[in-house]
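The chain contents come next:
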Amino acid sequence: MEKSSTLDYINQMFPTEASLSGVEPLMQKVHNEIRVVDTEILAAVRQQSNSGTKAKEDLAAATRAVQELMYKVREIKTKAEQSETMVQEICRDIKKLDFAKKHITTTITALHRLNMLVSAIEQLQVMASKRQYKEASAQLEAVSQLCSHFDGYRDNPKITELRDKFKNIKQILKSHVYSDFSSLGTGKETEENSLLQHLTDACLVVDALEPSVREELVKNFCDRELISYQQIFEGAELAKLDKTERRYAWVKRRLRTNEEIWKIFPTSWHVDYLLCIQFCKLTRSQLEDILENLKEKPDVGTLLMALQRTIEFEEELAEKFGGSGGTRNIVQDIRKKYEKKLAAHQDDDKDLAVPGAGFNFRGIISSCFEPHLMVYVDFEEKTLMDNLEKLVQEETWDMDDGGQTNILSSSMQVFLIIRRSLKRCSALTKNQTLLNLFKVFQRVLKAYATKLFMKLPKGGTGIVAAATGMDGHIKTSDKDERMICYIVNTAEYCHKTAGELAENVSKIIDPQLADGVDMSEVEDEYSAVITKALVTLVNGLETKFDIEMVAMTTRVPWATLESVGDQSEYVNNIKMILNGSIPVLGTLLSPVYFQFFLDKLASSLGPRFYLNIFKCKQISETGAQQMLLDTQAVKTILLDIPSLGKQQQASGAAASYSKFVSREMSKAEALLKVILSPVDSVADTYSALLPEGTHSEFQRILDLKGLKKADQQTILEDFSKRGSGIPIATSAVQMVPATAAGPPPPVAVAVAVVSQQGGGSSYGAAMISREDVLTRAAALGRGAATTGFKRFLALTEAAKDRTDGPFRKLFNA
């Protein structure tokens, strides 16, 4: 327990007076505990005293033991040194004897081998003198092995003497072998059968000699074999291109005749393979001389026949020496040899730089024809052009109703003859000549594109056509329209097939020349033909509208028309013309080109209709209303053309076409609305509806309204002062929401015009008046308030009944 002080401890132990009776027992207990502790302390002190003494004694004993151990170690080391000295003294004589034995053994072995070498060289010398090739071949290997044991004794005179003697013997054997092989091919081998066996043994000797001996022997043999070939085909009789096939017949006959004789050569020598390489090199050289020394261009048939036979011969050699795995290994070995020679730039193998030489027989001879094949390319070009001319002349330029492709048969025939030409050329060469022929294909296809272009109907040209206004007009019949569609489809087919042809050529031609294979110019030519054909189709259809455009301005009395009726006769005729042409065009043209045709037609007919209005002499209000009705009818006809063509248009293309037609025809509608406007507001209406109009057009509108020159002068001066556009009118029109099909409706325009005339009137008041007019129009019944121009008439008739309101001013002019 924690004791803050002695006093506190005592008070805690004896809190009361009665508890003091326990003081004495407690004191006795404390004294007992003190005595026990003192006893333990005394025992511990005594034990510690005894332990210190014993520790000193143990340390002294350990020190003495270590000293004794060190003494024993020194004693053992001394005895070991004495033992080693004793062993060395004992073995000194034995080591001397061992070294002596080793030297004696080496000496005996060397002397024995030297004796064998001397004896072998003497035997080899005898064998060489007697031309015992079979025995000499084995002896050569034995002597070579024995000589290898004396490589460390090159300074020894005796060894040097033996080596020189062995070298001389090998030279003698070499000369004997060359001398014996010189009789091969002279006919003696057929008379003496033993000669073949003798030469077979000689081959064993050659294999035992250095590899250069075999190479030199085979080369000399091949050169000797080809001496007669060189003499025969360098003469004036056979040194001709048309005799090329006889060259290959000669070597094949030679190989076949000497097959039994050449069996003397080991298979590993590949004599026939090397002979064929030498033959190909020599033949190539001779053919190059023949081709370069020709006084005039070679005959194409002769040239191609020689090339064809050469390629066939190369294929036979490649098949003969490249078929089996063993032969492939042969070729690989020889290839390595040629690569080493080429790396060393040896002069006698410069011809091996030719592609394929020493590696592949394909092209080893035929490649020399490449620089001289332009006559073949010219011949192919003439043939293709002649065939093209014939196909174009025989073309009917029409198609049966049962035809499915809708393209001219001549186009398919053109690509058929081109593919045949490509097949012929690729069988002969895949290098520069093939690229030159591809350029011929380009010219042929461009020529065909020109033929298609020239076949398109032409318009009037020259002074007379310009004077009569017929310059550029194209007259086309139904047959002409069909033919133009066939030309479009044919040009598209040629465009696509020309690209495929270029891809095929790029795959088979030499990869280094593949970048030159490009049909983009030809494709551009056919794209131009397609564009010109479609434009011609549009112009031809426009020409059919000429009579109706003239009828619009001359046959309808626009100035004296009394009432508005149904659409005019010229509109019906326009619809009839389109009904006769569009279904056929929609059937024959692809959706892409039909859509292009529609866009061109709309962009041409809309502005033409607009300008044709200005050609009228005078247009009354009723006439303008009738013409506005006709304009709506023409617009509807143009919007119905896609469905008339029976083609499924894409949603985006259909919307774009409808918007395009509405925009073009809205200009004519706006012009007629200007003509319908009152005289005092015609300038404002013209500026609002035709902000891009010109001063001359505005003056012509005044003429169409029948105003006299004096009345026009004031309006023109006022128009000139304002400029071509009035901001107030434009903003007023913009505030009226336009429909998706075109400009704001006529009533909205009229309201906008009135709002700017009324001075204090606001746009809101104008819109209220417009609602009143619409309410009055609704009261006329559903039959009157219809779409189009009839609705406009209903609105204007309702406005006439009103005695007040801004719209009434339209009828007070």
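Here the structure is a predicted model, which is why all the values come from computation and not from measurement.

Caption draft 1: Molecular detail of the packing of helix H12 (residues 374–394) against helix H14 (residues 432–455). Look at H12 against H14: their axes get within 10 Å of each other, and the N-to-C directions meet at 20 degrees. One way to sum up the angle between H12 and H14 is to call them roughly parallel. Crossing of H12 against H14: the hand is right-handed. Contact with H12, carried on its side by Met 374, Tyr 376, Val 377, Glu 380, Glu 381, Leu 384, Met 385, Leu 388, Glu 389 and Val 392, involves Thr 433, Asn 436, Leu 437, Val 440, Phe 441, Arg 443, Val 444, Ala 447, Tyr 448 and Lys 451 of H14 and no other residues of that element.

Caption draft 2: Examining the packing of aromatic side chains more closely. Taken as a whole and judged by the stated rule, the model has 17 aromatic pairs. Plain terms: the ring middles of Tyr 229 and Trp 250 are 5.1 Å apart, the flat faces sit at 40 degrees to each other, and that makes the pair tilted. You can see Tyr 229 sitting in helix H7 (residues 211–233) and its partner Trp 250 sitting in helix H8 (residues 244–257), a full 21 residues away along the chain. The two residues Tyr 229 and Trp 250 agree in class, both being buried. When the centroid spacing of 5.1 Å and the interplanar angle of 40 degrees are considered together, the rings of Tyr 686 and Phe 698 count as tilted. Highlighted residues: Tyr 686 in helix H24 (residues 682–689) and Phe 698 in helix H25 (residues 695–704), separated in sequence by 12 residues. Judged by its relative accessible area of 0%, Tyr 686 falls in the buried class. Members of the aromatic cluster, each reached through a chain of ring pairs, are Tyr 229, Phe 233, Tyr 248, Trp 250, Phe 279 and Phe 313. For Lys 320, the ring lying beneath its charged end belongs to Phe 321, and the centroid distance is 5.6 Å.

Caption draft 3: Main features of a nonpolar patch on the surface. Residues Leu 20, Val 23 and Met 27 make up a contiguous nonpolar surface patch of roughly 240 Å² in combined accessible area. By secondary structure assignment, the location of Leu 20 is in the loop between helix H1 (6–13) and helix H2 (23–130). Classification of Leu 20 by relative accessible area gives partly exposed; the value is 48%.

Caption draft 4: Seen up close, the environment of Tyr 248. With respect to the helices and strands, Tyr 248 occurs in helix H8. When the C-alpha positions of Tyr 248 and Cys 280 are compared, they lie 9.5 Å apart, and in sequence the two are 32 residues distant. Not counting residues up to four positions away in its chain, the partners in contact with Tyr 248 are Phe 279, Thr 283, Leu 287, Arg 309, Thr 310, Phe 313 and Ile 365. A polar contact is formed between the side chain of Tyr 248 and the side chain of Thr 310, at a distance of 2.6 Å.

Caption draft 5: Unusual backbone geometry, seen in detail. Although it is not a glycine, Arg 131 adopts a positive phi angle of roughly 55 degrees. Following the sequence through the fold, Arg 131 ends up in the loop between H2 and helix H3 (133–148). Residue Arg 131 is classed as partly exposed on the basis of its relative accessible area of 29%. Although it is not a glycine, His 270 sits at a positive phi angle of roughly 55 degrees. Tracing the backbone shows His 270 in the loop between H8 and helix H9 (271–292). Here His 270 falls in the buried class, since its relative accessible area comes to 13%.

Caption draft 6: The arrangement of helix H10 (residues 300–322) in detail. Counted at 1.5 Å a residue, the expected span for H10 with its 23 residues is 33 Å, and the 32 Å between its end C-alpha atoms agrees. Buried residues of H10: Val 300, Leu 303, Ala 306, Leu 307, Thr 310, Ile 311, Phe 313, Glu 314, Leu 317, Ala 318 and Phe 321, and no others. Between a side-chain oxygen at the N-terminus of H10 and the backbone nitrogen of Gly 301 the separation is 3.2 Å; the capping residue is Asp 299.

Caption draft 7: Quick peek at the confidence of the model for the chain. On average, residues of the chain score 77 in pLDDT, and 79% of them are at 70 or above. Mean pLDDT across the elements of the chain ranges from a minimum in helix H27 (residues 727–735), with 32, to a maximum in H14, with 93. Contacts of residues 461–471 to residues separated by more than four positions or lying in other chains number eight contacts, the stretch itself having pLDDT below 50. Contacts of residues 724–813 to residues separated by more than four positions or lying in other chains number 97 contacts, the stretch itself having pLDDT below 50.

The rules we used
- Residues numbered from 1 in each chain as written.
- Predicted model: local features only at pLDDT ≥ 70, side-chain atom pairs only at ≥ 80, totals over all residues.
- Heavy atoms only, no water.
- Axes fitted to C-alpha atoms, helices over the stretch in contact; angles between N-to-C directions.
- Helix = DSSP H or I, 4+ residues; strand = E, 2+ residues; numbered from the N terminus.
- Parallel < 35°, antiparallel > 145°, perpendicular 65-115°, else oblique.
- Left-handed = near helix turned anticlockwise from the far one by under 90°.
- Contact = heavy atoms within 4.5 Å.
- Phe/Tyr/Trp six-rings, centres within 6.5 Å; stacked < 30°, edge-to-face > 60°.
- Buried < 20%, exposed > 50% of the residue type's maximum accessible area, 1.4 Å probe, protein only.
- Lys NZ or Arg CZ within 6 Å of the ring centre and 35° of its normal.
- Patch = residues over 30% accessible without salt bridge, like charges linked within 9 Å, V, L, I, M, F, W, Y side chains within 5 Å.
- Areas by Shrake-Rupley, 256 points an atom, 1.4 Å probe, with all protein chains shown as cover.
- Salt bridge = Lys/Arg side-chain N within 4 Å of Asp/Glu carboxyl O.
- Polar contact = N/O pair within 3.5 Å; in protein donor to acceptor, adjacent residues only side chain to side chain.
- Expected span 1.5 Å × (residues − 1).
- pLDDT = per-residue confidence, 0-100.

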